[in-house]
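Okay, here's what each chain looks like letter by letter:
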Amino acid sequence: MKPIPIRRLRFLTALLSTLLLLAGPVFAYPLLDAAPAAASTDANTDADTDAKKDEVSITLDEVTPWIDDKGTLTVRGTISNTTKKAVEKPSLSLQMSTRKLDSESRLTAWKQGQAQHRTVADLEHDGTEARKKAKKDKDADSDDSSGITLDTSFDDTVDPGTSAEFTFRVPADDLDLSKSSPVSSWGPRGLAVQLGDDTGLRASALGFTTWYPDPEFDQTKISLLAPVTLPGHSEGGLIPSDRLDAAIAEGGSLDTIAKLLEHKELALAIDPRIIASFEAAIAEPTPADAPEETEEPDGGSGEETQSPPVGAPENDDADSSGAELEAAEKQRKRLDSWYQDFVEAAQKHTVVALPYGDPDLSALRGTKIDRLSSFAQKQREIVKDVFPDARTDIAWPVAGSATKNGLRALKKAGNSTAILSDGQQPSITGIHDDAHSQTTITDDGESTIDTLISDTKLADMSAEAIAEDNPAGALSELVAESAVIQSEAPYRTRSLFVPLPRAAASANWEQTVEELSSAPWIAPTEVDKILDSGSEARGLLRTDADAPHIRKRAVKSLAMTRANQADFNSVFSDRDSADIRLDRELLTCTSAAWTLGRNANICAGQAREQSENLMDSLHLRKGSSVLLVTGEKTTIPVTIVNDSPAEATLRIRMKPNTPQLRAQETETVKVPAAETMRVDVPVEGLANADVPTTIEMVTADEVVLPKQESLMVRVRADWENIGTAVIGLALAVVFVIGLIKTISRGRPKIPEQQLADAMARAKTDDPEKR
């Protein structure tokens with residue numbers, strides 16, 4: 001092949017550049033034209049918040065989701081001018097699509113660009129001033145019965161840095177929608193609120209309303225499932241009383257759940273953690289004057305000293321202590337009252353028991369903490385004990401995460417039904433089919449499991465509306481989508497399943513359930529009734545390689561935490577309870593709520609820190625060096641501090657580093673929670689030495705606890721006896737030395753002169769006188 005000549009190559013390059021320059025405006029115009037629509041569509045998203053700091057924007061606070069021939073369309077919102085320049089002589093109008101949007105493609109097209117629309121109301125003709133003028137100019141015989149109104153909080157200007165409110169009200173008679181053929185004319189219509197001035201369009205916001213002139217067709221059955229859970233790490237896997245109290249307060253997540261119970265067909269997926277936490281929080285406290293049960297440790301010299309629990313007030317704080325106890329008792333009664341009312345109301349609903357903490361079971365399978373999966377499912381009995389009719393045979397894998405192996409494991413664990421998404425088990429008819437189906441879980445197709453298929457479109461749109469700060473537009477679109485689904489097969493009764501987000505309930509839950517349930521073409525239905533109906537054939541199970549999961553890093557961290565603490569738990573008198581507390585705590589970090597974002601890693605870090613704190617809470621109090629006497633058997637006192645929440649059973653082992661000291665293990669002692677105990681360790685000094693010694697706490701399973709202490713033991717001879725002997729020996733030495741000197745010196749000699757004088761006197765004296 002011959003190479004292209006350089007001249008020809010330059011010519012082709014120049015020609016291509018010229019064509020691109022000429023084509024540029026062709027591509028640019030559609031993009032510029034679509035920009036306002038795209039900007040308005042994302043007006044409430046976080047991504048556009050920064051970009052719109054210096055723009056004019058519209059948010060919708062209310063949109064009538066559906067309207068019949070006797071109703072009134074209301075569109076209420078707020079205009080925000082964050083620029084430094086006023087919007088002079090603004091024009092404000094409400095546009096409606098001229099055709100019904102009876103398919104998902106038409107809904108999408110309206111959101112992307114509001115083609116084929118008409119003005120329903122505007123500021124020029126329906127504003128306050130326009131209505132005053134029309135009323136003044138109206139003749140006595142005028143037959144103008146238009147009831148369209150547009151009320152605004154601004155006159156001719158929207159000042160910079162301010163907000164202005166508006167409200168459109170349009171009676172059904174003024175919408176110019178057909179009533180003569182209800183079946184053919186009913187359906188969603190697109191709405192657009194547009195704000196402009198002399199420079200052109202400044203802002204717009206989109207919504208939908210569904211025209212419903214009472215057509216006659218079958219309703220679509222929809223079952224809603226609301227998770228009752230409070231995701232988040234907590235010590236021992238139980239939710240603290242203060243957090244429960246905040247959740248039942250006005251506007252709290254559990255308060256929202258209580259309000260949802262007014263919808264009788266709503267099903268509840270209850271986390272056993274909620275039940276266990278309330279049961280612990282409302283338990284009657286031990287009376288302050290109740291006698292304490294003490295148990296003397298076997299064989300221990302065990303001088304036991306009791307200290308108040310951590311955080312207990314001193315005697316001089318008696319007044320504040322009384323106030324705290326009174327506040328705690330009021331809180332306990334408040335929680336008890338809410339819980340009893342909730343249980344009574346929830347008894348009338350279909351209750352699905354979730355595994356403990358609502359974990360991502362797929363992420364646990366095949367890991368070192370796989371056993372947590374079966375443990376979590378067994379904990380569903382907590383819900384069963386309170387709600388005897390609760391379903392404990394429905395598994396809920398994270399959307400898109402189900403596999404044949406996983407479903408087989410779930411069925412083996414006692415689950416007869418699995419909740420799947422329609423992305424994994426799609427419709428074979430091309431429309432939204434019944435939720436109840438079956439899927440094979442073996443390659444030969446012989447074994448199956450019932451499936452409850454969630455409608456991904458409605459579920460995702462519900463989640464988006466719930467997440468919005470101003471959900472009116474998103475809710476109107478959700479209702480419009482349900483109308484589109486109804487239009488697919490108006491004379492065919494279908495049962496759809498829509499789960500709400502697997503997270504703590506928020507304020508928009510109530511409005512979302514209300515809007516979706518109140519649409520006249522929707523028939524709210526209990527989940528049990530869907531499962532009791534015949535199953536619909538669907539496509540084969542599809543595996544989603546990109547399904548969200550708890551990240552492996554978090555699971556690995558949790559596995560390490562459990563491995564480190566598993567042996568330590570043998571120190572507790574009730575090890576089974578200690579293991580349950582540990583497993584429950586770790587399960588809170590595998591919650592399905594953490595399948596997005598890094599919250600699972602954060603939770604795993606908190607669990608690791610809590611585990612380390614627990615293992616540090618059982619320790620020995622540091623003592624000073626000890627002086628021992630050789631040859632004497634005695635004891636060395638050691639103080640055990642138990643700041644953990646459970647009684648510990650252990651013994652003390654002292655390990656001298658040199659053989660000059662001999663030590664024995666103590667008998668097993670029991671140290672109550674939040675108390676200290678002194679234990680005497682038998683020792684014997686064998687020879688003079690400074691002996692470094694390690695003091696260990698040992699469980700009945702021969703597990704050495706991590707918190708050790710060192711002690712210097714100075715072994716010396718019997719100083720009292722040695723001192724007496726030394727003094728006696730010194731006195732003896734002095735006596736002997738004196739005696740020797742006395743003997744060596746001999747008898748004393750008399751001077752010669754004295755001796756001569758004595759002899760002379762002896763000769764001259766009278767013998768008789770002598």
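Rules behind the numbers
- Residues numbered from 1 in each chain as written.
- Predicted model: local features only at pLDDT ≥ 70, side-chain atom pairs only at ≥ 80, totals over all residues.
- Heavy atoms only, no water.
- Helix = DSSP H or I, 4+ residues; strand = E, 2+ residues; numbered from the N terminus.
- Buried < 20%, exposed > 50% of the residue type's maximum accessible area, 1.4 Å probe, protein only.
- Contact = heavy atoms within 4.5 Å.
- Areas by Shrake-Rupley, 256 points an atom, 1.4 Å probe, with all protein chains shown as cover.
- Pairing = 2+ DSSP bridges.
- Axes fitted to C-alpha atoms, helices over the stretch in contact; angles between N-to-C directions.
- Patch = residues over 30% accessible without salt bridge, like charges linked within 9 Å, V, L, I, M, F, W, Y side chains within 5 Å.
- Salt bridge = Lys/Arg side-chain N within 4 Å of Asp/Glu carboxyl O.
- Core = buried A, V, L, I, M, F, W, Y, C linked by side-chain atoms within 4.5 Å.
- Disulfide = S-S within 2.5 Å.
- Lys, Arg positive; Asp, Glu negative; His and termini not counted.
- Charge placed at Lys NZ, Arg CZ, Asp CG, Glu CD.
- Parallel < 35°, antiparallel > 145°, perpendicular 65-115°, else oblique.
- Left-handed = near helix turned anticlockwise from the far one by under 90°.
- Phe/Tyr/Trp six-rings, centres within 6.5 Å; stacked < 30°, edge-to-face > 60°.

(A) Highlighting the overall build of the protein chain. For the protein chain, the count of helices and strands is 22 helices and 30 strands. Counting only residues that meet the buried cut, the protein chain has 44% of its 770 residues in that class. Across the protein chain, the fraction of contacts at a sequence separation of at least 24, relative to all contacts at a separation of at least 6, is 76%. Element-wise, carbon and sulfur atoms account for 51% of the exposed surface of the protein chain, whose accessible area totals about 40900 Å².

(B) Here's a closer look at the sheet that holds strand E25 (residues 648-656). On the basis of which strands lie adjacent, the open sheet formed by 5 strands has the order E23-E30-E29-E25-E27 and mixed pairing. Among the strands making up the open sheet, the edge pair consists of strand E23 (626-629) and strand E27 (669-671). Neighbour to neighbour, the strand axes of the sheet diverge by 40° on average, direction disregarded.

(C) Layout of a nonpolar patch on the surface. A cluster of nonpolar side chains, Leu-729, Val-733 and Ile-737, forms an exposed patch at the surface whose accessible area comes to about 260 Å². Overall, the relative accessible area of 40% leaves Val-733 in the partly exposed class.

(D) Representation of the nonpolar core. In terms of nonpolar packing, the biggest core is built from 80 residues, with Leu-254, Leu-268, Ile-270, Phe-278, Phe-342, Phe-387 and Trp-521 touching the most fellow members. Discounting chain neighbours no more than four positions away, the residues touching Phe-342 are Val-228, Ile-257, Leu-261, Leu-268, Ile-270 and Phe-387. Judged by nonpolar contacts, the second largest core, of 33 residues, contains Val-56, Ile-79, Val-170 and Val-193.

(E) Looking closely at the state of the cysteines. Summed over all chains, the structure comprises 1 disulfide. Between the sulfur of Cys-589 and that of Cys-603 lies a disulfide, 2.1 Å long from S to S. Because the sign of the S-S torsion sets the handedness, a value of about -70° for the bond joining Cys-589 and Cys-603 places this disulfide among the left-handed ones. Within this pair, whereas Cys-589 is found in the loop between helix H19 (575-587) and helix H20 (599-616), its partner Cys-603 is found in helix H20, the two being separated by 14 residues in sequence. Across the pair, exposure class does not vary: Cys-589 and Cys-603 are buried alike.

(F) Molecular detail of a negative patch on the surface. The grouping of Glu-88, Glu-129, Asp-155, Asp-156, Asp-159 and Asp-198 at the surface amounts to a negative patch. Given a relative accessible area of 73%, Asp-198 falls into the exposed group.

(G) Seen up close, the pairing of strand E12 (residues 220-228). For E12, the buried fraction is high: 8 of the 9 residues fall into the buried class. Sheet analysis places E12 next to strand E20 (residues 495-499), joined by 5 bridges and oriented parallel. Of the residues in E20, the one forming a bridge with Leu-225 is Pro-499. The pairing of E12 with strand E13 (residues 267-270) spans 4 bridges and is classified as parallel. Among the inter-strand pairings, Leu-225 is bridged to a residue of E13, identified as Ala-267.

(H) Structural view of the pairing of strand E28 (residues 675-685). Counting buried residues along E28, 9 of its 11 residues qualify, which places the element largely inside the surrounding structure. With 10 bridges joining them, strand E24 (residues 633-642) and E28 adopt antiparallel strand pairing. Looking at the pairing, Asn-642 lines up with Glu-675 of E28.

(I) Looking closely at the packing of helix H6 (residues 241-248) against helix H8 (residues 272-281). As a packed pair, H6 and H8 sit with axes 10 Å apart at the nearest point and diverge in direction by 110°. Taken together, H6 and H8 sit at an angle that is classed as roughly perpendicular. Every pair of crossing elements has a handedness; the one defined by H6 and H8 is left-handed. The segment H6 lies against H8, with Ser-241, Arg-243, Leu-244 and Ile-248 engaging Arg-273, Ser-277, Phe-278 and Ala-281.

(J) Seen up close, the packing of aromatic side chains. Evaluation of the coordinates by the stated rule reveals 12 aromatic pairs. Judged by centre distance (5.8 Å) and plane angle (70°), the ring pair of Phe-166 and Phe-168 falls under edge-to-face. Just as Phe-166 is buried, Phe-168 falls in that class too. Aromatic pair Trp-186 and Phe-217: ring centres 5.0 Å apart, planes at 40°, arrangement tilted.

(K) Region of the structure containing the packing of H6 against helix H7 (residues 253-260). Across the interface, H6 lies against H7 with an axial gap of 4 Å and an inter-helix angle of 45°. It follows from the interaxial angle that H6 and H7 lie oblique. Two secondary-structure elements touch here, H6 through Leu-244, Ala-247 and Ile-248 and H7 through Ser-253, Leu-254 and Asp-255.

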